[in-house]
Amino acid sequence: MGRIAILGWGSLIWDLERLADGVEGGWAMGAGPAFPLEFSRVSAKRKQALAVCIDARHGAACPTHAIASRRAALAEAAADLAARERAAPGRIGFAAADGTAAHGREPAVVRSVAAWCRAGGWAGAVWTDLEPNYAETLRRPFSVVDAAEYLADLGGESRDEAVRYIAQAPRATDTPLRRHLEAADWWRAELRRLALAPF
């Protein structure tokens, strides 16, 4: 069967970083399976901004995007993605089209990826499987309103990073929080301040 796909929906789209040597061709935008996504992960790497992740409880179904790995083995493609994400190997999801290998937090996501691979002629696919951590990190439940208030309370570099990250995410990453922010005057003002196009 065919090659191995790497699936993305956030910063991987605009910043392959160290993964750049491990892929070939460009992103097939919107070509991946739909995942339940939300900006519900507080990211230390991104100065406490909210990063988008698979969130079966709070997320909305959003198309993902696919790019071909140069690797022939699923484990090697997963290792490349783990290196880019500075994540342990166990935090990378993967699924083989033939069902011989699979790993992921959400069984429904794993099944959908395997089915997508079979339908599209891919041997398998890998994806970042970092969990939502808003409630654990901030010690309060996640909600769209609370998350918007959290973002509004950020200052300095953290606020700039938070606005840039959400604004740069693909438009298809159309989550409940993103829709809420789109209607907020303060958010639109931040986009203008940072010279970012409205999403």
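Before any of the text, the structure's been laid out above.
Residues numbered from 1 in each chain as written. Predicted model: local features only at pLDDT ≥ 70, side-chain atom pairs only at ≥ 80, totals over all residues. Heavy atoms only, no water.

Moving on: the sheet that holds strand β8 (residues 102–103). Overall, mixed pairing links the six strands, which are arranged β2-β6-β1-β9-β7-β8 in an open sheet. The sheet terminates laterally at β2 (23–28) and β8, the two strands that pair on one side only. Judged from the three bridges that link them, β2 and strand β6 (residues 65–69) form a sheet pairing that is antiparallel. Looking at β6, one finds that A28 is bridged to A66. Sheet strands in contact with helix α1 (residues 74–85) are β1 (4–8), β6, β7 (92–96) and β9 (124–128), and its direction is about 15° off that of β9. (Pairing = 2+ DSSP bridges. Helix = DSSP H or I, 4+ residues; strand = E, 2+ residues; numbered from the N terminus. Contact = heavy atoms within 4.5 Å. Axes fitted to C-alpha atoms, helices over the stretch in contact; angles between N-to-C directions.)

Read from one edge to the other, the open sheet built from three strands follows the order β4-β3-β5, with strand pairing classed as antiparallel. Each of the sheet's edge strands pairs with one partner strand only, and the pair in question is β4 (49–54) and β5 (60–63). Strand-to-strand twist in this sheet, taken as the mean axis angle between neighbours without regard to direction, amounts to 50°. In the sheet, strand β3 (residues 34–43) pairs with β5 via four bridges, with the strands oriented antiparallel. In the sheet register, F35 faces β5, and the bridge partner there is C62.

Another point: the nonpolar core. One broad trend across soluble globular proteins is that nonpolar side chains are buried collectively. Of all hydrophobic cores here, the largest spans 46 residues; its most connected members are F35, L50, V113, W127 and L151. In terms of residue count, the dominant contributor to this core is helix α2 (residues 107–120) (six residues). Excluding residues within four positions of it along the chain, F35 makes contact with L7, W9, I54, A60, A61, C62, T64, V109, S112, V113 and W127. In this structure, I6, L19, I67 and V126 belong to the second largest nonpolar core, which totals 17 residues. (Core = buried A, V, L, I, M, F, W, Y, C linked by side-chain atoms within 4.5 Å. Buried < 20%, exposed > 50% of the residue type's maximum accessible area, 1.4 Å probe, protein only.)

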